[in-house]
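Architecture at a glance
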Amino acid sequence: DQQVKQNSPSLSVQEGRISILNCDYTNSMFDYFLWYKKYPAEGPTFLISISSIKDKNEDGRFTVFLNKSAKHLSLHIVPSQPGDSAVYFCAASDSGTYKYIFGTGTRLKVLA
Amino acid sequence: ETGVTQSPTHLIKTRGQQVTLRCSSQSGHNTVSWYQQALGQGPQFIFQYYREEENGRGNFPPRFSGLQFPNYSSELNVNALELDDSALYLCASSSPGNTEAFFGQGTRLTVV
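Below, the structure is looked at part by part. Quick caveat, the model's predicted, so the values are computed rather than measured. (Residues numbered from 1 in each chain as written. Chains lettered and ligands numbered in written order. Predicted model: local features only at pLDDT ≥ 70, side-chain atom pairs only at ≥ 80, totals over all residues. Heavy atoms only, no water.)

**Section: the interface of chain B and chain A**
Opposite the 17 residues of chain B that make contact, chain A presents 18 residues. Three residues, T99, E100 and F103 of chain B, lead the burial of chain B against chain A; their summed loss comes to 33% of the area buried on that side. For the pair chain B and chain A, the interface holds zero salt bridges. Here chain B and chain A share five residue pairs in polar contact (both at pLDDT 80 or more) between them. Contributions of two or more residues to the side of chain B that touches chain A are made by strand 4 (31-37), strand 5 (44-50), strand 9 (87-94) and strand 10 (102-103) of chain B. Its residues placed into classes, the side of chain B that touches chain A shows eight nonpolar, eight polar and one charged. (Contact = heavy atoms within 4.5 Å. Buried area = accessible area lost by both parts, 1.4 Å probe. Salt bridge = Lys/Arg side-chain N within 4 Å of Asp/Glu carboxyl O. Polar contact = N/O pair within 3.5 Å; in protein donor to acceptor, adjacent residues only side chain to side chain. Helix = DSSP H or I, 4+ residues; strand = E, 2+ residues; numbered from the N terminus. Nonpolar A, V, L, I, M, F, W, Y, C, P; charged D, E, K, R; others polar.)

Structure representation (structure tokens):
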């Protein structure tokens, strides 16, 4: 039972354009959501997070949007840069457990 | 401030053997979680340790066990290795009141 889903295994975007990565979840107990970026041979790097009391959080070029009614979140990267090419994982937690449930990842390729 | 470090980075074991993986948490972090990432999948939660006690466990058999030490470093032990245990094992640490976890670079375990 996949509680966190990233339905797009890959995404290609031109440098300078917007990248939009999507994530859906099924468990209404989740109240904290995170995005991690992973390069080959490295561990996941924390990118940005959002609490369920918000619907948007921005950090520089990265913005995460949360739609609780649709159980959907998205990560926007503007403008996309070649260095953003990596696998992006969406994760969710019930803050009472601090256990993360990860999606299967989306491989982003930013073309120069 | 040192980050999360894991050792070894790569390991090859034979089916039926036992393995111990090690993790040093980030300075000031008293919570350590272990994840297994199989090829093409997102990280799967194994268990978490908080102040030397197990604080939650995922859907992994008892042959996966762990320890946390007074300095908050941690070990993951896997007994009776199976071929399907081949994966990247990730350690993540977090601090009290902070939901973001920071990952190490992982240990790539291959069981032959």
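Now that the structure has been shown, we can carry on.
**Re the layout of surface pockets**
Here the largest pocket defines a volume of roughly 490 Å³. Forming the boundary of the largest pocket are 23 residues, of which K38 and P40 of chain A together with Q37, L88 and R108 of chain B lie nearest the centre. Sorting the residues of the lining of the largest pocket by element identifies strand 9 (86-93) and strand 11 (106-111) of chain A as the ones contributing at least two each. Looking at the lining of the largest pocket, its residues break down into nine nonpolar, ten polar and four charged. (1 Å grid on protein atoms, 1.4 Å probe; cavity = no way out; pocket = protein on both sides within 12 Å on 5 of 7 lines; lining within 4 Å. Points joined across faces, edges and corners; volume = space filled by probe spheres on them.)

**Digging into the sheet that holds strand 7 (residues 64-68) of chain B**
Residue and element names in this part refer to chain B. Judged by pairing direction, the sheet is antiparallel, and its four strands sit side by side in the order 1-3-8-7 without closing on themselves. Bordering the open sheet on either side are strand 1 (5-7) and strand 7, each of which pairs with just one other strand. With strand direction ignored, the average angle separating the axes of adjacent strands in the sheet is 20°. When strand 3 (residues 19-24) meets strand 8 (residues 74-78), the two strands line up antiparallel, connected through five bridges. Following the sheet pairing, C23 is matched in strand 8 by S74. (Pairing = 2+ DSSP bridges. Axes fitted to C-alpha atoms, helices over the stretch in contact; angles between N-to-C directions.)

**So, the environment of N57 of chain A**
Residues and elements named next belong to chain A. With respect to the element layout, N57 can be found in strand 6 (residues 56-59). Each C-alpha atom, one on N57 and one on S10, is 24 Å from the other, the two residues being 47 residues apart in sequence. Setting aside chain neighbours within four positions, we find N57 in contact with I48, S49, I50, F62, T63 and V64. A distance of 2.7 Å separates a polar atom in the side chain of N57 from the backbone oxygen of S49.

**Structural notes on the nonpolar core**
Residues and elements named next belong to chain A. Membership of the largest hydrophobic core comes to 24 residues, with the highest contact counts inside it found for V4, F33, W35, L73, L75 and Y88. If you list the elements that add at least two residues to this core, you get strand 3 (19-25), strand 4 (32-38), strand 5 (45-51), strand 7 (62-67), strand 8 (72-77), strand 9 and strand 11. Per element, the largest residue contribution to this core is four residues, and it comes from strand 9. (Core = buried A, V, L, I, M, F, W, Y, C linked by side-chain atoms within 4.5 Å. Buried < 20%, exposed > 50% of the residue type's maximum accessible area, 1.4 Å probe, protein only.)

**Re the packing of aromatic side chains**
Counted by the stated rule, this structure contains 15 aromatic pairs over all chains. Ring geometry for F46 of chain A and F102 of chain B: centres 6.3 Å apart, planes at 65°, overall edge-to-face. One end of the pair, F46 of chain A, is in strand 5; the other, F102 of chain B, is in strand 10, on a second chain. A residue is classified by how much of its surface remains accessible, and F102 of chain B, at 29% relative accessible area, is partly exposed. With 5.6 Å between their ring centres and 55° between their planes, Y35 of chain B and F103 of chain B make a pair best called tilted. Remark: F103 of chain B occurs in strand 10 and Y35 of chain B occurs in strand 4; sequence separation between them is 68 residues. Under the relative-accessibility criterion, Y35 of chain B is labelled buried at 1%. A relative accessible area of 10% means that F103 of chain B is categorised as buried. Aromatic rings pair up to connect Y36, F46, F89, Y100 and F102 of chain A together with Y35, F45, F102 and F103 of chain B into one cluster. (Phe/Tyr/Trp six-rings, centres within 6.5 Å; stacked < 30°, edge-to-face > 60°.)

**Some words on the environment of N27 of chain A**
Residue and element names in this part refer to chain A. Within the secondary structure, N27 is located in the loop between strand 3 and strand 4. Here N27 falls in the partly exposed class, since its relative accessible area comes to 23%. Residues N27 and A91 lie 64 residues apart in sequence; the distance between their C-alpha atoms is 12 Å. Beyond its immediate stretch of four places on either side in the chain, N27 contacts Q3 and K71. Engagement of the side chain of N27 in a polar contact is seen with the side chain of Q3, the distance being 2.9 Å.

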